[in-house]
Amino acid sequence: MAKRENKTSKEEIKLKAFELMAKQGVQSVSMRQIADACGVSKPMLYYYFKDKDDLLFQMIKERVDAVNKSLKQGLNKDLSLQNIFEILFNSHSFGASDFKKTSSFLIHLSVYVRGNKSLENKLLNIRKEANKSIYDVLNLQYRKGRLTKKNKETGYYLILAIFSFLS
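Residues numbered from 1 in each chain as written. Predicted model: local features only at pLDDT ≥ 70, side-chain atom pairs only at ≥ 80, totals over all residues. Heavy atoms only, no water.

A. Molecular detail of the overall build of the chain. In terms of regular secondary structure, the chain is built from 8 helices and 0 strands. Counting from the amino terminus, the chain carries its helices and strands in the arrangement α-α-α-α-α-α-α-α. When each of the 167 residues of the chain is scored for burial, the buried share is 41%. Nonlocal contacts in the chain, meaning residues at least 24 apart in sequence, comprise 70% of its contacts between residues at least 6 apart. Carbon and sulfur atoms provide 53% of the accessible area of the chain, an area that totals close to 9700 Å². (Helix = DSSP H or I, 4+ residues; strand = E, 2+ residues; numbered from the N terminus. Buried < 20%, exposed > 50% of the residue type's maximum accessible area, 1.4 Å probe, protein only. Contact = heavy atoms within 4.5 Å. Areas by Shrake-Rupley, 256 points an atom, 1.4 Å probe, with all protein chains shown as cover.)

Next comes the structure, spelled out in structure tokens:
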């Protein structure tokens, strides 16, 4: 039972961090502010996350993994492109109903990451996985005759743009 409570606490921390960073900016929010907003001690925060970069990485990785999982499920079930788009929109873990917060968070994150090569490289690596998943889905749609070659290429960039927004 303790594991479940710890997991919930970790999820609550990520959600509160997302909300604070969307509102105030990633660079402006400190680990102390996140701990205070969550009602936990700073050592508890560091129990879950090495530092703010680790917290951000885990938040983004979780969302990217959810999108990749959804794309793979769509591939395995041979879903239509429309169904895959629906799954994509519903697969990320927070901010789903508030695109304004998500957009604000992503803008702040992109500014923060720009000066942080270590975090930028980690995020680029998980992005490569997503690109492969997207391309696999579109290749299947093309092989099934659901897309022309031109539409496959256009679809790739469209899904990539949507994915970038969601993750």
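Moving on, there is more to tell.
B. View of the packing of aromatic side chains. Inspection of the entire model under this criterion finds 3 aromatic pairs. The interplanar angle of 55° and the centroid separation of 5.2 Å between the aromatic rings of Phe-18 and Phe-105 together place this pair among those described as tilted. Here the residue Phe-18 occupies a position in helix α1 (residues 2-24), and Phe-105 occupies one in helix α6 (residues 99-114), the gap between them amounting to 87 residues. The pair formed by Phe-18 and Phe-105 is uniform in burial state, with each residue classed as buried. Note on Tyr-48 and Phe-49: the rings are 6.2 Å apart at their centroids and 55° apart in plane angle, and the pair reads as tilted. One aromatic cluster in this structure is built from Tyr-47, Tyr-48 and Phe-49. (Phe/Tyr/Trp six-rings, centres within 6.5 Å; stacked < 30°, edge-to-face > 60°.)

C. A look at the pattern of salt bridges. Enumeration over the complete set of coordinates arrives at 6 salt bridges. Across the pair Lys-117 and Glu-120 runs a salt bridge, and its minimum N-O distance is 3.3 Å. One end of the pair is Lys-117 and the other is Glu-120, both in helix α7 (residues 117-143) and 3 residues apart, which spans about a single turn. Glu-120 sits in the partly exposed class, given a relative accessible area of 23%. (Salt bridge = Lys/Arg side-chain N within 4 Å of Asp/Glu carboxyl O.)

D. Spatial organisation of the environment of Asn-131. Tracing the backbone through its elements, the reader meets Asn-131 in helix α7. Under the relative-accessibility criterion, Asn-131 is labelled partly exposed at 23%. Here the alpha-carbon distance between Asn-131 and Tyr-157, two residues 26 residues apart in the chain, equals 9.9 Å.

E. The arrangement of helix α2 (residues 31-38) in detail. When α2 is considered as a whole, its buried residues turn out to be Met-31, Ile-34 and Ala-35. All buried residues of α2 lie within an arc of 100° about the axis, which places them on one face of the element. Positioned one or two residues after α2, Gly-39 has a phi angle of 70°, which is positive. (Arc of directions from axis to C-beta.)

F. Region of the structure containing helix α4 (residues 52-77). In a regular helix each residue adds 1.5 Å, so 26 residues correspond to 38 Å; α4 covers 38 Å between its end C-alpha atoms and thus fits that length. Two or three places before Asp-53, at the opening of α4, Asp-51 has a side-chain oxygen 3.2 Å from that residue's backbone nitrogen. Directly beyond the C-terminal end of α4, a positive phi value near 55° is found at Asp-78. (Expected span 1.5 Å × (residues − 1). Polar contact = N/O pair within 3.5 Å; in protein donor to acceptor, adjacent residues only side chain to side chain.)

G. The arrangement of the packing of α4 against α7 in detail. Interhelical geometry of α4 versus α7 gives an angle of 10° and a closest axis separation of 10 Å. In terms of orientation, α4 and α7 fall into the roughly parallel class. Facing α4, whose interface residues are Asp-53, Leu-56, Phe-57, Ile-60, Lys-61, Val-64, Asp-65, Asn-68, Leu-71, Lys-72 and Leu-75, α7 presents Leu-119, Lys-122, Leu-123, Ile-126, Glu-129, Ala-130, Ser-133, Ile-134, Asp-136, Val-137 and Leu-140. The residue inventory of the contact of α4 with α7, partitioned by class, reads 13 nonpolar, 2 polar and 7 charged. (Axes fitted to C-alpha atoms, helices over the stretch in contact; angles between N-to-C directions. Parallel < 35°, antiparallel > 145°, perpendicular 65-115°, else oblique. Nonpolar A, V, L, I, M, F, W, Y, C, P; charged D, E, K, R; others polar.)

Shape is all these values report; function is a separate question.
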